[in-house]
Structures are given as structure tokens and as C-alpha cells.
Amino acid sequence: MAEVKIRNVSKRFGDTSVLENASLTIAKGEFVSLIGPSGCGKSTLLRIISGLELQDAGQITIADRVVDDLRPSARNLAMVFQSYALYPHLNVASNIAMPLRMQRLNSFQRLPVIGRFLPGSSAANDGIARQVRDAAEMLDISHLLERKPGQLSGGQRQRVAVGRALVCNPAAFLLDEPLSNLDAKLRVHMRTEIAQLHRRLQATFIYVTHDQVEAMTMSDRIAVMMDGNIIQTGTPDEVYDNPTDIRVAEFIGSPKINLIPVDVEPGRGVALLAGADSGVVAEATAVCLGVRPEAVTISPDNGLLAGTVEHAENLGSEEYVQVRLHALPDTLITSRASHGTGWTRRVGSTAHVSFDRDRILAFDGAGKRVACQPGVPHPASGKAVAHG
Amino acid sequence: MADVTLAGNRYQAAQKRADRRRTSMREFRMQGLAWMLALPALFLMGMLLLGPLLAVVLLSFTDYSLGNGSLDWRGLDNYQAMLGDDIFYKSIGNTLAYVGIVVPGSLVLGLGAALLIESLTRGKAFWRAVYFLPVMATLIAMAIVWEFMMSARFGIIPQTLALLGFPAKNWLQETATALPVLCIIGIWQSLGFNMVLFMAGLSGIPRSLYEALELDGGSSAWTRFWTITWPMLAPVTMFVVIITAIRSFQVFDTVHVLTKGGPNNATMVLIYQIYQEGFDFFRSSYAAALTVVFLVFIFILTVIKARTIENKVHYS
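What counts and what doesn't
Residues numbered from 1 in each chain as written. Chains lettered and ligands numbered in written order. Predicted model: local features only at pLDDT ≥ 70, side-chain atom pairs only at ≥ 80, totals over all residues. Heavy atoms only, no water. Helix = DSSP H or I, 4+ residues; strand = E, 2+ residues; numbered from the N terminus. Buried < 20%, exposed > 50% of the residue type's maximum accessible area, 1.4 Å probe, protein only. Contact = heavy atoms within 4.5 Å. Areas by Shrake-Rupley, 256 points an atom, 1.4 Å probe, with all protein chains shown as cover. Phe/Tyr/Trp six-rings, centres within 6.5 Å; stacked < 30°, edge-to-face > 60°. Lys NZ or Arg CZ within 6 Å of the ring centre and 35° of its normal. Buried area = accessible area lost by both parts, 1.4 Å probe. Salt bridge = Lys/Arg side-chain N within 4 Å of Asp/Glu carboxyl O. Polar contact = N/O pair within 3.5 Å; in protein donor to acceptor, adjacent residues only side chain to side chain. Nonpolar A, V, L, I, M, F, W, Y, C, P; charged D, E, K, R; others polar. Pairing = 2+ DSSP bridges. Axes fitted to C-alpha atoms, helices over the stretch in contact; angles between N-to-C directions. Domains from an automatic or database assignment.

Right, let's talk about the overall build of chain A for a bit. A count of helices and strands for chain A gives eight helices and 23 strands. Taking all 388 residues of chain A together, 53% fall into the buried category. Look at the contacts in chain A between residues 6 or more apart in sequence, and 65% of them connect residues 24 or more apart. Entry remark: accessible area of chain A is about 17,200 Å², with carbon and sulfur atoms responsible for 49%.

In C-alpha cells, the structure reads:
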């Protein structure tokens, strides 16, 4: 269990810059996800932490020790690879035992057959076998110890890889998209297991993923990466409710956040959507409003803006309704309507959308978040909203 | 309306009967067609593979010699003669010694060359081509080059060894060294092929395994090789061993060009003895019996290959 500090790390591959001045501190026992689209540098950052890749500039500190000059094996980290990287010629027990054998046995004691009879090796081997059994029990794979990785299912291989990682009691766990090779159902299940494992071990976890659901559901904190930079770090709620950048707002959340072009009335600062008063006051630089689908209300007869229902998806528990606005034909608004509202039968009909004014976000031309708050009478309700 | 239906029913019944007849006819015709299509292949296989094999086996039970108009059945006479033939023992021993030296030699050196070339950052293609050259060159032509190189008076090898204090002689004409020299040429010749096979095997090992081992604490080249490279190459190694063994059993070109089995039968190998018996002494039936022995060896190797490669050394 250790704190991991990343300070101003940069990395280039040839002419392409993969990481630019990335900084992040991961507290002892924290579960932090590095999330971003492919090519954003998240895997490279993880590999730099592990020591498999060397940074061009910057510093990595693990438990207050600078590790830049240490080999991966000396950093006391464990990694779970996307491909699991299990040794295919060794059975599950030997796979899990590998880091312990490397730590505790010298190269003569590791020799096949002869190694067993060398002084000290039988005691060490007994200790290793016990720890392997404990780890296997913890992950519920005791019955698989004699099998080869080729005879295991994807989920079982995943567990063996986790077992190999946790058996050596590392300072931190590095997980590189460990669930991406599993089918959807198993992924949900393993998500829970990894989160539970983290709770039980109280260890530092650094988890790389491109799947925002994984990041949201498991992490204490999320670091969103784009184009080699960490653009926002925060708890899942912070990142979801208060994105500091339009790219974060777009990347996190499914269905995607609605982005609507906006004109800000000079003077009063009222944000106008196609001329209609949105009910919020925004900074003059705002060019775009963002509204999460669940903050969009849709009604057949009254609302802020009128449009046509273009598509509706019934998910059983809720419905996703897409409305093309009459006044802004380039804008498709997605609303998350509750179960049983029956919008799937009303595709093609007219609908009116309105927004929860407390949850409207505004962004400027560069994609940065700008201030925006409810403040003036809502034209649809006619009620005055007092606001400081 | 009813008439139409009745007529329809009757039509359908007739149709069904015709269908059934047609089905059996079709099956028959299909089977006939299948045999017809397979016939050329079967014919060629019989003519070119099984026929000659059978002829050789039958011939080994006769007293036929090349050019004779007739032949007599002699049962196991040829095999009995073989048991009393010193040259036969000599050639079996030499062949096994040759295989026993060339297989491990070209395996270790081929793997070494593959590992060294793979570790290069530049010039991989060049070195690959250099090592592969002997494989592509005709061995007969190369054997002539070796003959020059081994020549006592101006060959580069005896002359170089002479500088180191060894007597300047043609090592191919010495009873004690002729076979080892042939082995060296054999290794030189098959090294490149094995190297290419090993390189293919090496490129199939996922990089992430080495990375996992690096994190697990195995960072020395020695550990990497014995923990990952060697076990992961096991299927390729098995293949290389069998292929090289079969090819070494068939050693002939270099013997024919360089030593003719001499001196004192020191380099007499199975195939060369078959050649001599069949085409120098015209004892075709005895040559056939030797061929049967040779085929038994090849057959054993093939069985081992089929058993182990297909069952034992694959991991998934």
C-alpha cells in the first residue's frame, strides 16, 4: 500500500507526443481510473509507472521513493495485462507462484528437479505453495490450480492474472484494461469483484480503461485524459456533474450529454436558445449549453422548445427519446424518460422539451466551462425564480 | 373444384415416388462422381508412391540385379546377408552418428543465430540472408566449394590450421576426421533453415509475457530465456529436430562429391551404400533391402513427429 506520485511526466514516440506534463497523485489505498479515448496516453502513463516504458521528462515516486532508475521488478508493483499475459506452458499454480519464486529462490533453486534438493528451497517452496493456495481460495480458483491457461475461460484467466498480481503483496496494482476481453455479462460481474477486492485489500489501484461505466462504478477518483494531458481529476460525481471541459462532458455519460448552441443576450446575460429564454444566465463567452439527458423533460404539449420525435428506444427501465428541434434542425436532443411513458409509439409526433435549469452547464468557444446559473423568470412556467 | 384437388393429389403422389427414385439415383450418381473425381489422385498416388514402395519391398525378397532378364524369389536372403555385412553396420553407425551430431549442432547454432539476429536493431535482413544462403544453394555445387576449401595444398581451412600448428592435410581424407568434417558441412547447411524456423517461432511469442516476467522479478536474459523463450519455442524445436533428423538421415550429396564413402568406409552412410549397391555393383535386390531398412527409420521418425507435435507440445 503506497502513495504513487506522477510529476510532470512527458513522453514522445518519435515525432508524436504521447504525454505532456502529466501530473497526478494517487493516495494510499485509493482506486484511481485513468480514462480516455484510445491514443490519449493512458496506457503509456501506466507503463511508465510500471517501468516498462521510460519517460522523457518528469518523475515517478512510489511510497516517497523516486523510482525512475529502478527496473520494473524493483518497483514492487503488480500489473494485470489486457491479454492477461499468463505463461501458457505453466499451470495456474505455477503462474501465480512466479513472482514469489523470482523473489525468494535464486536461479539455482529455480532449476527443474535439482532445484528442489538445494538447501533452503524446500522451506521456501512450502511457503510459496501456501500463499498460492491462499490467493486461489480468495479468488475462488482453488479447483483450477492444476490446469493450464489454455483450458480456462476468459473470466477464469482474468482471476488467475489477478491472483498472480496480489500474491506478492505489491505497493500498488496496475490494471491495463483488464476487462476488455470479456463478454458484456462477465464484465459487469468482474467489475463488482475487482471493486470488492479493492475494498478488501485496501490497496492502491491504478486502473486504465476506455469504458466510462467501469471508471464510474469502481473508482474513488477518475482522471480523464485527452491528447496526452490529464484534463480533469475528481470523484465520479464531480466529473459527471461538473465537467471542467466540454471533452470531459462528452466523454463521460451515456447517452451523451446534449450540446445546444446558445446566444447570450448582452447586458442581462440571458442565454437564448433559438431566441427563447432558457432561464439561465451565462457568461458572455458561452457558445454552447450542455444538458444531461436526465435533465431534459419532454412533454407532448408544453415546453421550452418544440421538435419532432425522431427515434425512441425502450430499455425496459427507461426510454431514450430523441427529438429534433424545429428551431435548431442540426440539434438532436436526447431525453431520458421514465418507464412506461410510451414515446416509442409516438415517433414522428411533436414534442416539447424543457431543461432542469439547475443542471445546465455552459462552455465557451475553447470548450472550457464558464459560469451559468438559473436567474430569471422561466417563460414556460411563468414563475419567477429568485436567485442571488 | 374437387376434381382439381384429386388430380392435384394424384400428381403429388406421383411426384413423391419420382422424387424417391431420383434421390437414390442421385446418391448413386454422386458417389460415382466422387470416385471419378478422386481417381486421378488415387491413380497418381498408387503409381508414384505406393507402387514403387511395394515394388522395392518385393524386390528385396528376390535376387534381381540391374540388367538381368529374370529374377528368383529368395525370401529373407538379402536381410540375412545384411546381418553379416560389416559395411552395413558401419553405415548404420555412421548415419546415426551423423544425425546425432548434425541435429543438436544445427539446432543450438540455429537457435543462437536466431536469437542474435532478433536482438539486432539494424541489419536483420542482411544477416538473415547470409545465414539462409547455404539453404538456397545447391549442395552439390557447395560441396565442390568445400572440396577446394579442404584441399591440403591451397585450401583455406588446412592452411589456416597449419598456421596454428596442425599438420596441413586434407581432413576429408583422414579416417578419424572425415565424418566430423561432413557433420560440420551438414550443420553449416541446415543451420540457416533452422534459424528461419526459430525466428518465426520467436516472433510468435507475445511481448506481454516478457513484460509480465519483468514485473514478476525475472529481469536477466538467462531467466527470460529459460522461463519463456525456450518453453514457448518447444513446438518449433520439436519440428526442427524431426525435420533435421529426417534430412540428416538422407545425407548423400556431400558424401558422393567429397569422400565416396571413404576412406576405409569411414564416411559410408546408409543412402550412399544403397546407391553403391544399386548402381555401382548392380545388386538391386540388396539395395532394395537396405532401402526398406532406411524407410523403417524414416517411418519411426514420422510417427514420433505426428504423435508429439500434434499432441504434446502445444499449450492451447
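Right, picking up where we left off after that structure.
Turning to the packing of aromatic side chains, a few remarks are in order. Under the criterion given, the structure shown has 18 aromatic pairs over all chains. Ring geometry for F61 of chain B versus Y79 of chain B: centroids 5.8 Å apart, planes at 45 degrees, classification tilted. With F61 of chain B in the loop between helix 1 (2-59) and helix 2 (77-83) and Y79 of chain B in helix 2, the pair connects residues that are 18 residues apart, well separated along the chain. The class of Y79 of chain B is buried, set by a relative accessible area of 19%. Aromatic side chains F126 of chain B and W127 of chain B sit 5.1 Å apart centroid to centroid with 75 degrees between the ring planes, which places their arrangement in the edge-to-face category. Classification of W127 of chain B by relative accessible area gives partly exposed; the value is 39%. Each member of the aromatic cluster is reached from another via a ring pair, and the members are F31, F173, F205 and Y207 of chain A. Taking the ring centre of Y240 of chain A as reference, the NZ or CZ of R292 of chain A above it sits at 4.0 Å. For the cation-ring pair, R247 of chain B lies above F193 of chain B, with the distance from its terminal atom to the ring centre recorded as 5.2 Å.

With 18 residues of chain B at the interface, the matching set in chain A holds 21 residues. Of the roughly 1,800 Å² buried at the junction of chain B and chain A (both faces included), carbon and sulfur atoms supply 64%. On inspection of chain B and its partner chain A, the count reaches three salt bridges. Applying the counting criterion to the chain B and chain A interface returns seven residue pairs in polar contact (both at pLDDT 80 or more). Every element with two or more residues in the side of chain B that touches chain A is listed here: helix 8 (207-216) and helix 9 (221-232) of chain B. Considering each element in turn, the side of chain B that touches chain A owes the most residues, eight residues, to helix 8 of chain B. Looking at the side of chain B that touches chain A residue by residue, the classes come out as eight nonpolar, seven polar and three charged.

To continue, consider the sheet that holds strand 10 (residues 229-234) of chain A. Residues and elements named next belong to chain A. Ordered by their spatial adjacency, six strands build an open sheet running 6-7-8-3-9-10, and the pairing between neighbours is mixed. The sheet terminates laterally at strand 6 (77-80) and strand 10, the two strands that pair on one side only. Here the average twist between neighbouring strands, direction ignored, is 20 degrees. Two strands pair when backbone bridges link them, and strand 3 (residues 31-35) and strand 9 (residues 221-226) are joined in this way by four bridges, in the parallel orientation. Among the inter-strand pairings, V32 is bridged to a residue of strand 9, identified as R221. Of the strands in this sheet, strand 3, strand 7 (172-176) and strand 8 (204-209) are in contact with helix 5 (residues 184-201), which crosses strand 8 at around 160 degrees.

Let's shift gears to the domain arrangement of chain B. Residue and element names in this part refer to chain B. Annotation of chain B at the domain level lists domain 1 (1-59) and domain 2 (77-311). Relative placement of domain 1 and domain 2: their C-alpha centres are 50 Å apart. Facing four residues of domain 1, the contacting portion of domain 2 comprises six residues. Taken together, the two surfaces of domain 1 and domain 2 that pack against each other cover about 370 Å², and 82% of this comes from carbon and sulfur. There are zero salt bridges connecting domain 1 and domain 2. On the surface where domain 1 and domain 2 come into contact, there are zero residue pairs in polar contact (both at pLDDT 80 or more).

Quick look at unusual backbone geometry now. All names here are of chain A. Look at the link from S254 to P255: it is a cis peptide, with omega at -5 degrees. Along the chain, P255 falls in the loop between helix 8 (246-251) and strand 11 (258-261). Its identity is not glycine, yet A85 carries a phi of approximately 50 degrees, on the positive side. Here A85 is to be found in the loop between strand 6 and helix 2 (92-104). Here the phi dihedral of A274 falls at roughly 50 degrees; this positive angle occurs in a residue that is not glycine. Tracing the backbone through its elements, the reader meets A274 in the loop between strand 13 (270-273) and strand 14 (276-282).

Below, the discussion takes up the sheet that holds strand 4 (residues 57-62) of chain A. In any sheet, the strands associate via hydrogen bonds between backbone groups, in a parallel or an antiparallel arrangement. Residue and element names in this part refer to chain A. Taken in spatial order, the four strands line up as 2-1-4-5 in an open sheet, and their pairing is antiparallel. Strands with a single pairing partner mark the edges of an open sheet, and in this sheet they are strand 2 (16-26) and strand 5 (65-66). Summarising the sheet, strand 1 (residues 4-13) and strand 2 pair through seven bridges and their orientation is antiparallel. In the strand pairing of strand 2, K11 is matched with L19. Those strands touched by helix 1 (residues 42-50) are strand 1, strand 2 and strand 4, and its axis lies near 120 degrees from that of strand 1.

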